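# Close look at the chain arrangement
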Amino acid sequence: MEQKNNSDQVLNTVRSIVYHLNDVNWVKMTQKMMALPINNVKLLDDITNIIFDRALKRQNYTHIYAQMCARLINDSKFNNLIATDTEITFQKVLLKKCHDVFYSNYQEELNKLKDTMKNDNMVPKKCLSGVLNNFLFNFQKRSICNCRFIGELFKNGAFPEKYILKCIGDLGKEKNDNNYELQMHCLCIILQSVGLILSKTSYDLNKNINKLVSSMENHGMSSTLKCLIKKLKIMNSKGWMDEEPVKFAGTNCNAYRDLPPHMQMVYRVRSKKIMSDWAYDESHDHRLNVVNNYKIEVRSNIPPKL
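Only a predicted model underlies this, so the values are computations on that prediction, with no experimental measurement involved. (Residues numbered from 1 in each chain as written. Predicted model: local features only at pLDDT ≥ 70, side-chain atom pairs only at ≥ 80, totals over all residues. Heavy atoms only, no water.)

### A short note on the packing of helix α4 (residues 62-74) against helix α6 (residues 90-102)
- Viewed as axis vectors pointing N to C, α4 and α6 meet at an angle of 140 degrees, and their least axial separation amounts to 9 Å. On the basis of the axis angle, α4 is oblique to α6. Here Cys69, Leu72 and Ile73 of α4 lie close against α6, whose contacting residues are Phe90, Gln91 and Leu94.
- Its residues placed into classes, the contact of α4 with α6 shows five nonpolar, one polar and no charged. (Axes fitted to C-alpha atoms, helices over the stretch in contact; angles between N-to-C directions. Helix = DSSP H or I, 4+ residues; strand = E, 2+ residues; numbered from the N terminus. Parallel < 35°, antiparallel > 145°, perpendicular 65-115°, else oblique. Contact = heavy atoms within 4.5 Å. Nonpolar A, V, L, I, M, F, W, Y, C, P; charged D, E, K, R; others polar.)

What follows is the structure in structure tokens.
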């Protein structure tokens, strides 16, 4: 019981630190974080969860959270507070959370949501009123913020180069028709953060930039993404000069309801398409079941051959 109370106190302190982190106090707050008594893996995982979730929610302060994480990773005392018989470190736990969000499957998450709504007997009309819109918005926002966080971690030496190159390579693969624009935008966000560093290595960024530029021929691409691709092209031609990032439309809003009306319409249109596909699949399954039941019934009435 005493250990649980101590863990609760530590977690409350962590929440207070990360919820009030800013450009002025981040060094002091990081030192306060380093002094916390972390004596088990479960507590470390809970602390990392709090930091990671807050970093993705406060996108304008992503660089600050990345700087704090880099300090914690490089502080041997902070990592040695954990039980010495394990190889668990703050960096490994943090990278695992970044990995899970980066490789989260859009279709799988959508299917889970559909199953939940079926179990809750939620009708399509109620879904269209908000649940599906919120899902689309939150999945998109979380994916983009995670890529921005990954890029900032790499800039601060807290994200290995081989992992960032794998992220870039995976985002540059053949397009996912269901989420193509989000995939391209995530690639742009990472390149904008790490381009300056990678340009000084043997890695060829021109291949990625050329592919992004050629994708602009997609007439369904938003003007925001086209603007970001053009900016990346200019940055690449000028040696990746440091510029203010171009933000994805709507990501400054913390919730779907905060979006301006014209942006809400984008999510409603996508939601209606998903719901129409969902209704079609259900009707198709129903017809297939009817046909199969009919075949079974007919076969059961056929007299056996002599």
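### Some points on the environment of Ile64
- Mapped onto the elements, Ile64 comes out in helix α4.
- In this structure Ile64 comes out as buried when scored by relative accessible area, which is 2%.
- In this structure, the C-alpha to C-alpha distance between Ile64 and Val27, residues 37 residues apart in sequence, is 9.5 Å.
- Leaving out residues up to four positions away in the same chain, Ile64 has contacts with Leu21, Asn22, Asp23 and Trp26. (Buried < 20%, exposed > 50% of the residue type's maximum accessible area, 1.4 Å probe, protein only.)

### Focus: the side chain of Arg148
- Relative to the elements of secondary structure, Arg148 occurs in helix α8 (residues 124-155).
- Among buried Asp, Glu, Lys and Arg side chains, Arg148 stands out as unpaired, with Glu152 the closest opposite charge at 6.4 Å.
- Within the structure, Arg148 has its side chain in polar contact with the side chain of Gln59 (distance 3.2 Å). (Lys, Arg positive; Asp, Glu negative; His and termini not counted. Salt bridge = Lys/Arg side-chain N within 4 Å of Asp/Glu carboxyl O. Polar contact = N/O pair within 3.5 Å; in protein donor to acceptor, adjacent residues only side chain to side chain.)

### Details of the packing of aromatic side chains
- Per the stated rule, a full pass over the model turns up six aromatic pairs.
- Between Phe52 and Phe149, the aromatic rings sit 6.1 Å apart at their centres with planes inclined by 55 degrees, giving tilted as the arrangement. Highlighted residues: Phe52 in helix α3 (residues 41-57) and Phe149 in helix α8, separated in sequence by 97 residues. As far as burial versus exposure is concerned, Phe52 and Phe149 are alike and both buried.
- Residues Phe159 and Tyr163 carry aromatic rings whose centres are separated by 6.3 Å and whose planes lie at 70 degrees to one another, so their mutual orientation is edge-to-face. (Phe/Tyr/Trp six-rings, centres within 6.5 Å; stacked < 30°, edge-to-face > 60°.)

### What about the nonpolar core?
- Within the largest apolar cluster, 79 residues are counted, with the highest numbers of intra-cluster contacts made by Met33, Ile51 and Phe149.
- Apart from the residues within four sequence positions on either side, Met33 is in contact with Val14, Ile17, Val18, Ile47, Ile51, Met68, Leu72 and Phe78. (Core = buried A, V, L, I, M, F, W, Y, C linked by side-chain atoms within 4.5 Å.)

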